[in-house]
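Structure assessment
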Amino acid sequence: MTSTLFITGATSGFGEACARRFAEAGWSLVITGRREARLQALADELSALTDVHPLVLDVRDRHAMERAIDGLPEKFATLRGLINNAGLALGADPAPRCDLNDWDVMVDTNIKGLLYSTRLLLPRLIAHGRGAGIVNLGSVAGNWPYPGSHVYGATKAFVRQFSLSLRNDLVGTGVRVTDLEPGLCESEFSLVRFGGDQAKYDATYSGAEPIQPEDIAETIHWILNQPAHININSLELMPVSQTWAGFAIDRS
Ligand code: NDP
Ligand code: 8X3
């Protein structure tokens with residue numbers, strides 16, 4: 001049986017690196033994202049290696065998601081993998097200075113978008129059965145609070161709890177679920193977070209030897225290729241340069 005993978009957010013970072021990694025390994029791909037030109041260029045490139053179906057989609061648009069998934073060609077009827085990767089942080093200011101619109105976008109993308117793709121694609125994963133798997137992109141921010149992580153971290157804590165809970169409901173189907181929780185990784189994530197501010201991007205990664213998208217793709221490839229009787233429940237990884245913050249104490 002062909003192995004087919006659905007990736008949300010394949011136009012940059014982890015999603016793009018996963019598309020390349022799994023195409024090299026011969027998996028068929030459904031790749032998604034909002035930036036059509038990038039998505040099409042990736043589809044054109046990877047079509048030399050495998051079947052690729054690009055879907056220009058905003059994961060926040062439930063009805064567009066339903067239509068696009070309903071309309072998938074028959075050859076994508078069953079899925080061996082789903083990588084719920086589309087997501088973002090907006091800002092890192094203290095909560096009292098934040099814009100509620102940014103909080104809406106994070107909740108709608110990181111939580112609701114992930115719920116839509118999961119629920120809409122579950123029948124196709126269950127149809128594949130034993131050996132299928134979902135990898136949800138959580139974050140260290142879902143485990144460890146840091147100043148400015150508030151809503152972003154809370155969305156990733158949701159992703160962790162939802163991932164662990166979902167496993168209960170999939171018992172007997174053979175479908176695995178993993179919450180992958182990376183720390184500092186170099187991608188457009190920080191350009192998005194800081195509104196395109198290149199200086200803040202550079203400061204975030206400078207001297208830190210951050211994890212690279214290709215490292216995450218390799219990890220996800222490992223997770224989805226575990227023997228069918230093994231579920232990696234959660235996996236947290238950080239660059240060696242990153243550790244936990246100490247407790248903050250206000251002495252004013
Ligand atoms: P990037 O910014 O490089 O990639 C994010 C991807 O998500 C893009 O392909 C983007 O595509 C897509 N996306 C964002 N919003 C939407 C939307 N509304 N609809 C569809 N696609 C969307 O970031 P990363 O690759 O680093 O991040 C990927 C995931 O990993 C995110 O969930 C992030 O929270 C998580 N993560 C990142 C870490 C890091 O340090 N980089 C660490 C831990 C977790 P487009 O704009 O074309 O729609
Ligand atoms: C992104 C990792 O440490 O910037 O999820 O929150 S961090």
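Residues numbered from 1 in each chain as written. Chains lettered and ligands numbered in written order. Predicted model: local features only at pLDDT ≥ 70, side-chain atom pairs only at ≥ 80, totals over all residues.

We now examine unusual backbone geometry. Trans is the common state for peptide bonds, and a negative phi is the common state for residues other than glycine. The phi dihedral of Glu209 falls on the positive side, at around 45°, and the residue is not glycine. Its place among the elements puts Glu209 in the loop between α7 (198-205) and α8 (213-224). Taking the C-beta count within 10 Å as the criterion, Glu209 has 12 such neighbours and is therefore assigned exposed. (Helix = DSSP H or I, 4+ residues; strand = E, 2+ residues; numbered from the N terminus. Buried ≥ 20, exposed ≤ 12 C-beta atoms within 10 Å, placed from the backbone.)

Counting residues in hydrophobic clusters, the biggest one holds 44 residues, and the most contacted among them are Leu5, Ile7, Cys18, Ala19, Leu29, Ile31 and Ile220. Sort the elements by how many residues they give to this core and helix α1 (residues 13-24) lands first, with six residues. Setting aside residues no more than four positions away along its own chain, Leu29 makes contact with Leu5, Ile7, Ala19, Phe22, Ala23, Leu46, Thr50 and Val52. Core analysis: the next-biggest nonpolar cluster, separate from the first, contains seven residues, Met106, Val151, Tyr152 and Phe189 among them. (Core = buried A, V, L, I, M, F, W, Y, C linked by C-beta atoms within 7 Å. Contact = placed C-beta atoms within 7 Å.)

Around ligand 2, the structure places Ser139, Val140, Ala141, Ser149, Gly183 and Leu184. Partitioned by chemical class, the residues of the shell around ligand 2 number three nonpolar, three polar and no charged. (Near = placed C-beta within 6 Å. Nonpolar A, V, L, I, M, F, W, Y, C, P; charged D, E, K, R; others polar.)

Here we take up the sheet that holds strand β6 (residues 176-182). If you walk across this open sheet you meet the seven strands as β3-β2-β1-β4-β5-β6-β7, and the pairing is parallel. Of all the strands in the sheet, the pair left with one neighbour each is β3 (52-56) and β7 (234-237). In this sheet, adjacent strand axes meet at a mean angle of 15° when their direction is disregarded. As paired strands, strand β1 (residues 4-7) and strand β4 (residues 81-84) are joined by three bridges and run parallel to one another. Its bridge partner lying in β4, Phe6 is registered against Leu82. Sitting on the sheet, helix α2 (residues 36-46) touches β2 (28-33) and β3, and the angle it makes with β3 is about 175°. Packing of helix α4 (residues 100-128) onto the sheet brings it into contact with β1, β4 and β5 (133-137), and relative to β4 it is tilted by some 180°. (Pairing = 2+ DSSP bridges. Axes fitted to C-alpha atoms, helices over the stretch in contact; angles between N-to-C directions.)

It is worth spelling out the site of ligand 1 at this point. Within the structure, ligand 1 sits among 30 residues, and Gly9, Gly13, Arg34, Gly87 and Ser187 are positioned closest to it. When contributions to the shell around ligand 1 are tallied by element, the ones reaching two or more residues are α1, α4 and α6 (189-193). A per-element tally of the shell around ligand 1 places α1 first, with three residues. Considering only residue class, the shell around ligand 1 consists of 12 nonpolar, 13 polar and five charged.

With that settled, consider α4. Taking 1.5 Å as the rise per residue, α4 with 29 residues should run 42 Å; its terminal C-alpha atoms sit 40 Å apart, in good agreement. If you look at α4, its biggest bend is around 45°, right at Leu122, and the proline Pro123 turns up within four residues after that. When α4 is considered as a whole, its buried residues turn out to be Met106, Thr109, Asn110, Gly113, Leu114, Tyr116, Ser117, Leu121, Arg124, Leu125 and His128. Immediately beyond the C-terminal end of α4, within one or two residues, lies Gly129, with a positive phi of roughly 80°. (Expected span 1.5 Å × (residues − 1). Bend = angle between axes of the 7 residues up to and from the residue.)

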